[in-house]
Amino acid sequence: METKFINTNTLPFCRGCTHTTISQNTEKALQKLGKSLLDVILVTDIGCLGIIDKAFDTHTVHGLHGRSVALASGVSAGINNPDKKVIVFIGDGGATIGMQHLIDAAHNGYNMTVVVHNNMLYGMTGGQPSEFTPEGFRTPTLPDGAQHPGYDICSLVTAAGASYVSRITGIGDISDQLTEAFSRDGFSLVEVMEICTSYGVKSNPGMKLKALIEEAGIEIKTYVDKKPEVYKTNEKEHTPSLFDPKLEIEKEFEHKLDNAVRIFLSGTAGEGVQSGASLFVRAGMRCGLEVTKKGSYPVTVGVGFSAANLILSPENILYTGAPEPDVIIITSQDGLNFAKKFIDNASEDTLLIIDSTLEMPETKAKTVVHHFREHFGGRNASLTALYEYVRQSGMIPMDALHKQFLASHMAKSEKLVKLIEEEFLGSE
Ligand SMILES: Cc1ncc(C[n+]2csc(CCOP(=O)(O)OP(=O)(O)O)c2C)c(N)n1
Ligand code: SF4
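Residues numbered from 1 in each chain as written. Chains lettered and ligands numbered in written order. Predicted model: local features only at pLDDT ≥ 70, side-chain atom pairs only at ≥ 80, totals over all residues. Heavy atoms only, no water.

Enquirer: Is there a simple way to explain unusual backbone geometry in this structure?
Expert: Leaving glycine out, the prevailing phi sign among residues is negative, and the prevailing peptide bond configuration is trans. Although it is not a glycine, N80 adopts a positive phi angle of roughly 40 degrees. The topology assignment puts N80 in the loop between α2 (68-79) and β3 (85-91). Among the residues examined, N80 registers a relative accessible area of 41% and is labelled partly exposed. Phi is positive for M120, close to 70 degrees, though the residue is something other than glycine. (Helix = DSSP H or I, 4+ residues; strand = E, 2+ residues; numbered from the N terminus. Buried < 20%, exposed > 50% of the residue type's maximum accessible area, 1.4 Å probe, protein only.)

This is the structure we're talking about:
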């Protein structure tokens with residue numbers, strides 16, 4: 001039995017809309033090619049054309065306006081299987097918004113066929129002009145007509161390296177032209193010239209599509225038909241996943257944690273908050289703990305606060321947020337300002353470690369005050385406050401933290417090493 005790709009007789013478009021022609025002929029073309037439902041991945045985005053997904057029984061992916069080609073590039077690279085057909089439906093509006101994705105996909109030779117539904121305007125939002133609207137073509141918001149020609153997407157993607165490109169008129173049976181494009185490897189594109197019967201016709205009464213195309217000097221032809229170039233972006237055998245573990249740290253020490261501890265360390269940008277935090281969680285890893293570190297700082301990274309959310313846990317950490325930290329460490333006024341909401345919400349079970357130069361905030365937290373800035377300098381206040389936390393809690397051996405410190409760039413200062421050893425190592 002013939003495979004049915006479309007599961008309904010009632011397509012969702014207005015009467016006479018060429019989007020219907022494209023969908024029905026896509027079905028025919030896929031049948032001609034003997035494709036099965038699971039061979040096809042249809043990627044669409046926003047616009048009238050994008051509401052077709054639910055009518056197709058193939059795989060479908062629906063994205064943000066103009067981003068279908070970017071999504072399809074990822075799908076194509078991810079499956080990297082010439083037997084699967086990735087088809088993109090995009091409007092002239094979407095192609096305007098996501099033009100760079102089209103150029104990139106053509107340039108990189110991603111294996112897909114893009115079908116540009118060029119009805120020369122933004123249909124779904126009421127007929128605004130797109131960058132494809134031909135000179136003189138009127139739309140409801142451009143009653144005097146466009147004053148310059150639209151983009152020639154076929155020339156652009158041809159120049160970018162596409163292997164098959166054609167422009168056709170969306171009248172009658174276009175399944176042969178679509179079959180041609182679908183059967184090509186590499187990046188192919190078919191631009192289908194269309195009419196939006198609701199807005200295009202209303203604004204251009206009596207318009208005939210073929211005459212309009214001719215008058216506007218839009219060529220109906222095949223721009224390129226060549227063997228695809230090497231699929232440049234997928235030559236690598238294996239791209240490591242971001243989830244692959246990267247940091248191998250051998251367990252050398254024992255920890256004393258029964259449950260996860262959530263620490264909020266808050267100080268000033270440029271004062272070693274992030275370095276101290278990284279060093280501390282690595283020390284946790286030396287003790288066999290699972291750890292996460294999340295930095296927060298303004299976009300202007302050199303001024304203002306710098307904070308780190310740290311979680312150290314004997315179990316897997318499934319959620320890296322910590323809206324109510326167990327420990328709040330404040331090493332500067334910037335850090336105090338930024339941590340205010342945590343300090344206000346702290347309970348009797350919270351531990352607050354705070355620098356002695358700061359005005360003591362009102363809080364229910366158990367508070368430890370220390371001269372971090374005065375004794376060790378602002379740049380070392382966060383690191384030494386974490387030493388203080390290890391001293392207070394005993395959650396990991398001081399030696400684990402110190403070993404990590406000595407292996408770090410922060411230990412280049414002999415003075416700092418001496419100060420830290422005097423303060424924290426002797427008293428263990
Ligand atoms: C980035 C972005 N800009 C604008 C919109 C608003 N918007 C929704 S549909 C649409 C028009 C779609 O036109 P086109 O892509 O040509 O498809 P058609 O409706 O003509 O089929 C616009 C502008 C949006 N959703 N996202
Ligand atoms: S508004 Fe235009 S583009 Fe949208 S379905 Fe109707 S005729 Fe087609």
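Enquirer: Explain helix α14 (residues 398-406) here, please?
Expert: In an α-helix, one full turn covers 3.6 residues, which means residues spaced three or four apart are oriented alike. Along α14, the residues that are buried comprise M398, A400, L401, H402, Q404 and F405. Here the buried face of α14 lies against α9 (273-286), α13 (381-393) and α15 (414-425). (Contact = heavy atoms within 4.5 Å.)

Enquirer: Help me understand the site of ligand 1 in this model?
Expert: Around ligand 1 there are 17 residues in total, and H19, C48, G93, G123 and M124 lie nearest to it. Taking G123, its main chain carries an N or O atom lying 2.8 Å from an oxygen atom of ligand 1. In the model, an oxygen atom of ligand 1 is placed 2.8 Å from a nitrogen or oxygen of the M124 main chain. Elements with a minimum of two residues in the shell around ligand 1: α3 (92-97) and β5 (121-122). At four residues, α3 tops the list of elements feeding residues into the shell around ligand 1. (Near = heavy atom within 4 Å. Polar contact = N/O pair within 3.5 Å; in protein donor to acceptor, adjacent residues only side chain to side chain.)

Enquirer: Would you take a moment to explain the pairing of strand β14 (residues 351-355) for this structure?
Expert: Each regular strand displays side chains that alternate between the two surfaces of the sheet. Across the five residues of β14, five count as buried, placing the element largely inside the fold. Of the two faces of β14, both are covered, the one formed by L351, I353 and D355 as well as the one formed by L352 and I354. Pairing of strand β13 (residues 327-330) with β14 involves four bridges; the strand directions are parallel. Looking across to β14, one finds that I330 is bridged to I354. (Pairing = 2+ DSSP bridges.)

Enquirer: What exactly am I supposed to notice about the environment of D39 here?
Expert: Structurally, D39 can be placed in the loop between α1 (18-32) and β1 (40-44). Under the relative-accessibility criterion, D39 is labelled buried at 18%. Considered as a pair, D39 and Q333 are 294 residues apart in the sequence and their alpha carbons are 60 Å apart. Once you skip the residues sitting within four places of it in the chain, D39 turns out to touch D83, K84 and K85.

Enquirer: Just to check I follow, could you spell out the nonpolar core for this structure?
Expert: The tendency in soluble globular proteins is for nonpolar side chains to be buried side by side. With 42 residues, the main nonpolar core has F280, L312, Y389 and F405 as its most contacted residues. The biggest single contributor to this core is α13, with seven residues. Once you skip the residues sitting within four places of it in the chain, F405 turns out to touch L279, L383, Y387, M410, A411, L416, V417 and I420. Counting 27 residues, the second-largest nonpolar core is a separate cluster that includes I41, V43, A95 and V224. (Core = buried A, V, L, I, M, F, W, Y, C linked by side-chain atoms within 4.5 Å.)

Enquirer: Is there a simple way to explain the environment of V224 in this structure?
Expert: Along the chain, V224 falls in strand β9 (residues 222-225). Between the alpha carbons of V224 and T158 there is a distance of 6.6 Å; along the sequence they are 66 residues apart. Apart from residues lying up to four places away in sequence, V224 is in contact with T158, A162, S163, Y164 and V165.

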